[in-house]
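Close look at the chain arrangement
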Amino acid sequence: MDRWYDDGRLRYGVGIEDTFIPQIRPGHRKLDEYELTQHYTHWREDLDLVAESGAEFVRWGVPWYLVEPEPGVFDWSWTDQVAEHLSALGVRCIVDLMHYGTPTWLENSFLNAQYPERVAAYGRAVAERYRGVWTDYTPLNEPIVNAEWCGEMGKWPPYLTGVDGFLTVTKALAKGMVRTQQEIAAADPDAVFVHVDAGFRYEGETTPLPRALLEERRFLALDLITGRVDDAHPLRSWLGENGYTDADLAWFADNAVTPDVLGVNYYPAFTTIRMDDDGTKSPVQAGTSGLRDLVQLYSERYRLPIVITETSLVGTPDEKIAWLHESEQEVEVLRADGIPIVGYTWFPFLDLVDWLYRFDDKPVDDWMLDFGLVNLVRGGDQQLARRKNAAFDVYQEIARRHR
């Protein structure tokens, strides 16, 4: 049984941005990051660069809507190649099964009554196909961000809004996470589960929801799947007032699952949020103090090994290098303080396309964000060439030193 995290060593990894929102509507374009960054074309080169960087693992996502183009019908032609190449490179894959979007055939997306079973069946199919090749799974990336964009802000399917929308989507996502873990574990008893969420932080008083509620709400999906939402839970009354029944919570308690590893995402420039009197969000630069605060919160609450599953910033190579050094030092201090951080992930490895691309008609290059250790540069042939920047070399030195 491959429990790589048990040795306590700090491993360095990277991730390739894999948001998939295939549904379109007037004013909303399809958002497939693999397509927009040409990863479908350059995947072999991208993975070779991952290996060259010294990364021991990569967070890489399966495009559910393409792998299962019809209910119960699977096309593994591309993912077979990716899995084989990653194995040849010796890079561990932490498989992102769900990165926000559902297939277009799943009517009403997360509202569909069959969603938890559909996503679980897909997860089981992946685990059965790649048993012995892939062992590490994230059932669903960032449930709180998913619930905000799909259920609170109405930006992505099923386009719900407000508190009711947020909680409706969160419950569906959490049931899907539970059922996915159950089905993968049944298909592969050696599977390792790396649950990942966005660790929002808040400063100042917030509106319309008070800060105290937001600071508990960020943990809701993880608390649900681990069966922690009982009568003593701080959100129990609020959930009851907004449609969560005793039967709902009993289901989660009876079907509780526990991650093997907890993934915490932290961006120094926008994980911390301040909201003004009309609810407008403003990002706050929080640096390593925000990272320390967040990791301590998750460690104290869940008592699990932790991987920093996303961190990076948009900036110059020198700014990225500075964050690499600052965050490495802070992680080492946290580990010395007894917090079991077993992984660090620069995410995204390549530049990505801002999600706001979905909502207008400007060219994709106008929305490219310089997050990567590898930049994407469009040439006259319209291909996006991969260009390592100076931060790549520094990351490589750090990753190899920890290796």
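Let me begin by describing the structure that accompanies this report. (Residues numbered from 1 in each chain as written. Predicted model: local features only at pLDDT ≥ 70, side-chain atom pairs only at ≥ 80, totals over all residues. Heavy atoms only, no water.)

Some details on the packing of aromatic side chains
Enumeration over the complete set of coordinates arrives at 31 aromatic pairs. An angle of 80° between the planes, with centres 5.2 Å apart, marks the rings of Tyr100 and Trp355 as edge-to-face. Of this pair, Tyr100 sits in the loop between strand E5 (92-96) and helix H5 (115-129) while Trp355 is found in the loop between strand E14 (352-353) and strand E15 (368-369), placing the two residues 255 residues apart along the sequence. The exposure classification of Tyr100 matches that of Trp355, with both residues buried. When the ring of Tyr130 is compared with that of Trp134, the centres are 4.5 Å apart and the planes differ by 40°; the resulting orientation is tilted. Taken individually, Tyr130 and Trp134 each receive the classification buried, so the pair is uniform in this respect. Clustering of aromatic rings is evident, with ring pairs tying together Phe20, Tyr34, Tyr40, Trp60, Tyr65, Phe74, Trp76, Trp78, Tyr130 and Trp134. Positioned above the aromatic ring of Tyr159 is the side chain of Arg25, whose terminal nitrogen or guanidinium carbon lies 3.8 Å from the ring centre. Sitting over the face of the ring of Phe166, Arg217 holds its NZ or CZ atom 3.8 Å from the ring centroid. (Phe/Tyr/Trp six-rings, centres within 6.5 Å; stacked < 30°, edge-to-face > 60°. Helix = DSSP H or I, 4+ residues; strand = E, 2+ residues; numbered from the N terminus. Buried < 20%, exposed > 50% of the residue type's maximum accessible area, 1.4 Å probe, protein only. Lys NZ or Arg CZ within 6 Å of the ring centre and 35° of its normal.)

Some points on the pairing of strand E9 (residues 261-265)
It is a general feature of regular strands that their side chains alternate between the two faces of the sheet. Burial analysis of E9 places five of its five residues in the buried class, the great majority of the element. The two faces of E9 match: Val261, Gly263 and Asn265 on one face and Leu262 and Val264 on the other face are all buried. Pairing geometry for strand E7 (residues 192-198) and E9, over five bridges, is parallel. Paired with His195 across the strands is Leu262, a residue of E9. Relative to strand E12 (residues 306-311), E9 runs parallel, the two sharing four bridges. Looking at the pairing, Leu262 lines up with Ile306 of E12. (Pairing = 2+ DSSP bridges.)

Looking at the sheet that holds E9
Taken together, the eight strands give a closed barrel; going around it, the order is E1-E4-E5-E6-E7-E9-E12-E13, and neighbouring strands pair in parallel fashion. Taking each pair of neighbouring strands and ignoring which way they run, the sheet shows an average axis angle of 25°. Set on the sheet, helix H7 (residues 162-187) makes contact with strand E6 (136-138) and E7; between it and E7 the angle comes to about 160°. (Axes fitted to C-alpha atoms, helices over the stretch in contact; angles between N-to-C directions. Contact = heavy atoms within 4.5 Å.)

Notes on the sheet that holds strand E11 (residues 281-284)
Spatial strand order, E8-E10-E11: three strands in an open sheet with mixed pairing. Here the strands that pair on one side only, and so sit at the sheet edges, are strand E8 (201-203) and E11. Each strand of the sheet is rotated relative to its neighbour by a mean of 40°, with strand direction disregarded.

Let's talk about the nonpolar core
Buried together is how nonpolar side chains tend to be arranged in soluble globular proteins. The biggest cluster of nonpolar side chains holds 123 residues, and the ones touching the most others in it are Trp60, Tyr115, Trp134 and Tyr137. Among the elements that take part in this core, H7 stands out by supplying 10 residues, more than any other. When residues no more than four places from it in sequence are discounted, the contact partners of Tyr137 are Val95, Leu97, Val126, Ala127, Ile184, Ala191, Val192, Phe193 and Val194. Listed in part, the 10 residues of the second largest apolar core include Tyr5, Val192, Val261 and Val342. (Core = buried A, V, L, I, M, F, W, Y, C linked by side-chain atoms within 4.5 Å.)

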